[in-house]
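# Residue-level structure breakdown
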Amino acid sequence: MSDNPQRYLVGIDVGGTFTDILCLDIQNQSLLSAKTPSLPGKQWEGVLNALSELGISAGDIRAFVHGTTIATNALLERKGAKTAMVTTEGFRDTLEIGRTRRLIGGLFDIKFVRPKPLVDRPLRIEVPERTAANGEILNEIAGYDFEPLAELLKDEEVEAVAIGFVNSYANNKTERDASAALGRLLDDVPICFSTDVVAEQGEFHRFSTCVLNAYLTPVVIKYLETLSEELNDKGVKAPVNIMGSNGGAMTLPQAAKFAAGTFLSGPVGGAGGAVRICEMANVDDCITFDMGGTSTDVALIYQRTPRISHDNQIDAYPLQVPQLDIHTIGAGGGSIAWVQDDGTLEVGPQSAGALPGPACYGRGGEEPTISDANLILGRLPTERTLSGGLRLDKAASEAAFISLSKKLGDGDIVQLADGVLRIAVAKMAGAVREVSVHRGFDPRDFALLGFGGAGPMHVFLVAEELAVPQVIVPRYPGHLSALGQLLADQRLDAVRAWGGKLSAVDPAELRGPTSEMKTVASKTLLDAGFESERQKHTFTVDMRYVGQSFTLSVSLDENASSWDSVRDAFARRHTETFGHADANNDAEIVNIWLVSLGVVDKPTLAFNGGDGVDVIVEERKVWFGDDWTDCPIYNRDRMETGFSFVGPGIIEEAGGTSIVPPGWRVTVLEAGSLDCANPLVDV
Amino acid sequence: MRSRIADCPDGDYFSEGYIESDGSNPEPLVVRLKLTIDGDSIQADFTGTSAQTNGPTNCGPAMAFNAVGTIVKAFLDPKTPINNGSFNPISVTAPEKSFINARETAPCGGMAEVKFLIDSVVAAAMGQVVPEMSVGDLKGGANHIHIAGPREGGGTYIHYEWPAGGTGASAGVDGSNAVRSYNEGDFNSIQSAETVESQYPLRVERCEVRNGGCGDGAFRGGFGLRRDIKVLDETAMLSVLSEKNVIPPYGVAGGNNGAANRFVVVRNGKLIQPSDVPGKVSGFGLQAGDLVREETAGGGGFGDPLNRDPALVAEDVRLDYLTAEQAEARYGVVFESGGGVDAASTSARRLSLASARVTATLEASNEDDIDGSRRRISVPRAMASDLCIVDGDLVELRGNAIAPLRGWARVVDVANNIISLGPTGMRLLDADHGDQLEIRTVQTAPEGVV
């Protein structure tokens, strides 16, 4: 059989602890994977290590998609570019004051210190420009002499410039003029203006988003350049795409202009992969439970579509770009258990990471972690090596827990390990409530999808805590994020502040702005290699009743000749969200959104089941609830399609261990996923 | 909470503070507090607080307990979650029909003003209990600002905001600028300029840090907000309900007060006071082109400003929060022509600023000088002239207490530098007969701030 020269789709997911690489061989429908420690500060090296670990021919890679935490890390470590901001007179402190909120805790905290803005005050420079709320330009900037300003920025060795003017959402001419004028004077300094990043009303949120983008752009560009050069050297000819926070892939040039759209580049892959798992398992609604070494990410998928959130915040900075509504908490397998000031037990957010890792890794870690708790409770094997060659050191775990126990006044370390696990589960259940109950969804109507290195180990406990009836564990759970990446469509989100009262605006007036938006998006996708038949464009509008300030998103037929369907859809959404609608009140459109997809081919994922021989590899005592129970250990590779058992049971495979409590019925589905029914819930 | 309280030294701690005016009556209202630490419980006794009033500055029975709970929690146990037991160790006595525990017919629209005053008084007492947590005072009140006028097509528009101020300094920590403080929820206090302009016939011309307005200290308070809103229509009106326009936020441990709140109108380039009682404005008529200027209070400072690290002062000058002139006049920091700190001149300037301070000898007397609700402090005429004050001006004394003792000067013709205080004054200052202490004026704006 002749080799398909472009047989590999490669997804790489960089987590806080491990870099996962997954390769789908489309020639024979098989998956190859590898896991290497993430290298803080040298993320691209970790990526290359993972690639060489995989041992495939670089020239045979057809597509390469990458989830990166580079933007998040650069922000959290304040290692972004030296950034200047050019703004309207009277508004240089908008970034600093915002709307006077603390934004990151601080209640009862006398010693609270507000985080500094990303732009130093002397580099927030006002220019004589002003546009009114109706778009009328009160003070033109064309003709302004930018030369002294450009000189100042050069003297200060500024590396990026953000331009944000008041009311530019209504008319961005002065922003465009200033950007063009400065661009002519500053070589090689990336400049972005606020309406080019997000075109919505609200100067603080728009400026903050623009500044985040400017601040991170040089970092992201540098990383992407290094990575693609190194990949080129290794013989990778395929284009390198980066996951965007909206769940779609971006080309390198797109990412280089839109660094603020990459904050969730790492975790979004899991949500995309989860949608594919839902399709194969015939499940419409699920909540993802992606637990790694450092953190747990949860996201709600409703009718096979991950929820999008527009008002986001990273650290203390508002970020108004569409992101998957992913909630992250600092509880992962490496999260450390510790005693707080008031003498109570707490877990995380500090993590032992990959190095030294949990005490049981035997790499010098001495802190008690969630993984150590699992080992003490018999939930992880001590007698056999794990995939990846790691053999866990139970004595080290026990030593770590004994020292924790001493700080709490001594006591049984099994009980303590159980307590640590319960605290972690309570936190993770809280995260699930955050994306469900807090958004008006009942988690009992959803399946919980457990993946990530530690997800299948804990997802059952979280499901029991929340009375979720069904748990699904995909095949290769440790690599689902990477799988989601390599199957991701390209996605662009565009917004325009446009609208008015439905009673006063003619639907025909929509044609202009919608066709302009679509033209821009089509061109971008075409440049990325997507012909029009592989493009999909969907409009929505943000609407509210006249006099309201919050909006709801409603789908829009841009060719509609009346507002009837929009009005009805808004009333439905309003009723779903708030429990009522008001037929007598005029509604208004505030923004138009366009989501444009470049659709990639998605190979079917049918993983072969095992032969059903020697499914049970051993039996050992495992702590469930409040006692030790005999528990069979299953080898997932040997489980046939249709195989079924009732827990307790532990299912081991490369990249993940599922720990099934007593009473749960587990069935192997055709595509390889485990379908698990909660015995405590009547469906 | 009980174990934290038990760690505190037992005893009685005193403080007092004022509502400047209920809006109709120029007489202030006083809150008096005796805070008792007794083993693992705390009692807050507000006996001596003014009676309820006809203006809006009253609140119901919940606020005093709320204020004590909030501040005690912040000082003693800020990190742990609140549970049923958190506030059990606290008991509060507030006289019925006082303005902090008002009964029917007393209007309570200004309850936020009262609540934040009680916070301020409790914080002064708790600063005595836990000096390392003591913190400069805050803007007080909510700063309710209403600009209203006829809406196009009928009806009325009301633009309402409640701008935050700077937060207080504490040991090791400068205050933050124009932000919600530790004792309140994290809500927006100003609207986005773009929302204001798209909804109302107003234009936000300026929204920035109020330079120069911090309470000076070894750690300085945060700077307040300055916001200019231009009226575009022919008719509109302004109403304001705020506090600490006259009696600014106090500094602690020798720190200075922050700039007071100020809400004025700029008409044809001239400042207009829109009311007789500063900060309490009812339906002032605005004209097209008028600028409503909101300037919020700076947080109180912590520690002597002459002990502030000159590098931190230089940073404030670099950031344009302070001018070089303000840095020299208020912190004694002198810069070289190149911009660096001139260490020798700074030492000399600091010595001369310290020696220019006015000190008095304290004398214990049998009776407090209380005039209506006001505490009066008798100031010898020569001393008054050194301080450039006249009878009725606000002064403060700094004793061992973490917060200063404030009172209105009663200029007396005696030829010495003795100030006599009655028993409650001595307690509030935590001072003894014969102590030497500093007296100074309380200005609504720090030096060099217009």
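### Regarding the packing of aromatic side chains
- With the rule as written, the count across this model stands at 13 aromatic pairs over all chains.
- Where Y144 of chain A meets F146 of chain A, the ring centres are 4.9 Å apart and the plane angle is 85°; that geometry is what we call edge-to-face.
- Looking at Y144 of chain A, the relative accessible area reads 32%, which means it is partly exposed.
- Pairing W623 of chain A with W628 of chain A gives two aromatic rings, centres 5.3 Å apart and planes at 80°, and the pair type is edge-to-face.
- A network of ring pairs unites the aromatic residues Y302, F441 and F446 of chain A as a single cluster.
- Positioned above the aromatic ring of F116 of chain B is the side chain of K139 of chain B, whose terminal nitrogen or guanidinium carbon lies 5.2 Å from the ring centre.

### Focus on the domain arrangement of chain A
Residue and element names in this part refer to chain A.
- When cut into domains, chain A gives domain 1 (79–216), domain 2 (490–598) and domain 3 (616–677).
- Contacts between the two partners involve four residues from domain 1, matched on the other side by six residues from domain 2.
- Carbon and sulfur atoms make up 56% of the area that domain 1 and domain 2 hide from each other, which totals about 330 Å².
- By the criterion of area lost to domain 2, the three top residues of domain 1 are Y169, A199 and E200, representing 88% of everything that side buries.
- For the pair domain 1 and domain 2, the interface holds zero salt bridges.
- For the interface between domain 1 and domain 2, the tally reads one residue pair in polar contact (both at pLDDT 80 or more).
- When the residues that make up the side of domain 1 that touches domain 2 are grouped by side-chain class, the tally is three nonpolar, no polar and one charged.

### Some remarks on the interface of chain A and chain B
- At the interface, 43 residues of chain A touch 52 residues of chain B.
- Counting the surface lost from both chain A and chain B, the interface buries some 3800 Å², and carbon and sulfur atoms represent 49% of this.
- Looking only at chain A, the three residues that lose the most surface to chain B are R99, F108 and I110 of chain A, adding up to 22% of its buried area.
- Where chain A meets chain B, there are five salt bridges.

Cut-offs used in this document
- Residues numbered from 1 in each chain as written.
- Chains lettered and ligands numbered in written order.
- Predicted model: local features only at pLDDT ≥ 70, side-chain atom pairs only at ≥ 80, totals over all residues.
- Heavy atoms only, no water.
- Phe/Tyr/Trp six-rings, centres within 6.5 Å; stacked < 30°, edge-to-face > 60°.
- Buried < 20%, exposed > 50% of the residue type's maximum accessible area, 1.4 Å probe, protein only.
- Lys NZ or Arg CZ within 6 Å of the ring centre and 35° of its normal.
- Domains from an automatic or database assignment.
- Contact = heavy atoms within 4.5 Å.
- Buried area = accessible area lost by both parts, 1.4 Å probe.
- Salt bridge = Lys/Arg side-chain N within 4 Å of Asp/Glu carboxyl O.
- Polar contact = N/O pair within 3.5 Å; in protein donor to acceptor, adjacent residues only side chain to side chain.
- Nonpolar A, V, L, I, M, F, W, Y, C, P; charged D, E, K, R; others polar.

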